[in-house]
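The lines below spell out each chain.
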Amino acid sequence: CLYDQFEGARFLYLIRNPYETLASTTSWLSYAWNVFSKCPERYVFTERMIPLMQHYYRDAFEKLEQHDPASYKFVRYEDLVADPEATIRDIYAYFGIEMNPEFERILVQESNAAKQYVSTHEYDLAAMGFDQEEVYEEFKYVFERFGYEK
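Residues numbered from 1 in each chain as written. Predicted model: local features only at pLDDT ≥ 70, side-chain atom pairs only at ≥ 80, totals over all residues. Heavy atoms only, no water.

A. Representation of helix H6 (residues 101-114) within the structure. Here H6 spans 20 Å end to end across 14 residues, near enough to the 20 Å set by a 1.5 Å rise per residue. Where H6 starts, the residue carrying a side-chain oxygen 3.0 Å from the main-chain nitrogen of Glu 102 turns out to be Asn 100. (Helix = DSSP H or I, 4+ residues; strand = E, 2+ residues; numbered from the N terminus. Expected span 1.5 Å × (residues − 1). Polar contact = N/O pair within 3.5 Å; in protein donor to acceptor, adjacent residues only side chain to side chain.)

Quick look at the structure:
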């Protein structure tokens, strides 16, 4: 556990909607796999994605929640993307870290630039071989805990 390796460390854990995480991870791993070999299936390792994601969520929850809540913070990916400046300010405030003026200037500048970005990624869980209802049931605890819509 990282807590054992880095005494006094504080951790951020980025959480993303499970539908998007599953689709994005499947897409990325399939792309990477196909760079190095030609596979007859468009999407690879789909049967391993849900167990991988279960580990991704549950292991973090289990390990982090054994420690002082002031030493970690869950951050929704969607919040970071929607308003990077506010999210970063919230993180700094949560951990009691003061922002220096130079960082603050860069934060505002980069946040404004990031808000202009529009992703071209579009995912289709069904085309990847996943059933949305099954995904919801597998990760209901994440949807409910972090306020994601079914």
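B. The arrangement of the nonpolar core in detail. Counting residues in each nonpolar core, the largest one holds 27 residues, and the members touching the most others are Ile 15, Leu 22, Leu 64, Phe 74, Phe 130 and Phe 139. Elements with a contribution of two residues or more to this core: strand E1 (11-15), helix H2 (18-36), helix H3 (46-64), strand E2 (72-76), helix H7 (132-138) and helix H8 (140-146). The residues contacting Phe 74, other than those within four sequence positions of it, are Tyr 13, Ile 15, Phe 61, Leu 64, Glu 65, Arg 145 and Phe 146. (Core = buried A, V, L, I, M, F, W, Y, C linked by side-chain atoms within 4.5 Å. Buried < 20%, exposed > 50% of the residue type's maximum accessible area, 1.4 Å probe, protein only. Contact = heavy atoms within 4.5 Å.)

C. Expanded view of the packing of aromatic side chains. Across all of its chains, the model carries 18 aromatic pairs by this definition. Between the aromatic rings of Phe 61 and Phe 146, the centroid separation amounts to 5.9 Å while the plane-to-plane angle is 35°, which identifies the pairing as tilted. Here Phe 61, found in helix H3, pairs with Phe 146, found in helix H8; they are 85 residues apart in sequence, far enough to count as distant. Take Phe 61: its relative accessible area is 8%, and that puts it in the buried class. The rings of Tyr 13, Tyr 56, Tyr 57, Phe 61, Tyr 72, Phe 74, Phe 139, Tyr 141 and Phe 146 are connected pair by pair, giving a single aromatic cluster. In this structure, Arg 58 is placed above the aromatic ring of Tyr 141, and the distance from its NZ or CZ to the ring centre is 4.0 Å. (Phe/Tyr/Trp six-rings, centres within 6.5 Å; stacked < 30°, edge-to-face > 60°. Lys NZ or Arg CZ within 6 Å of the ring centre and 35° of its normal.)

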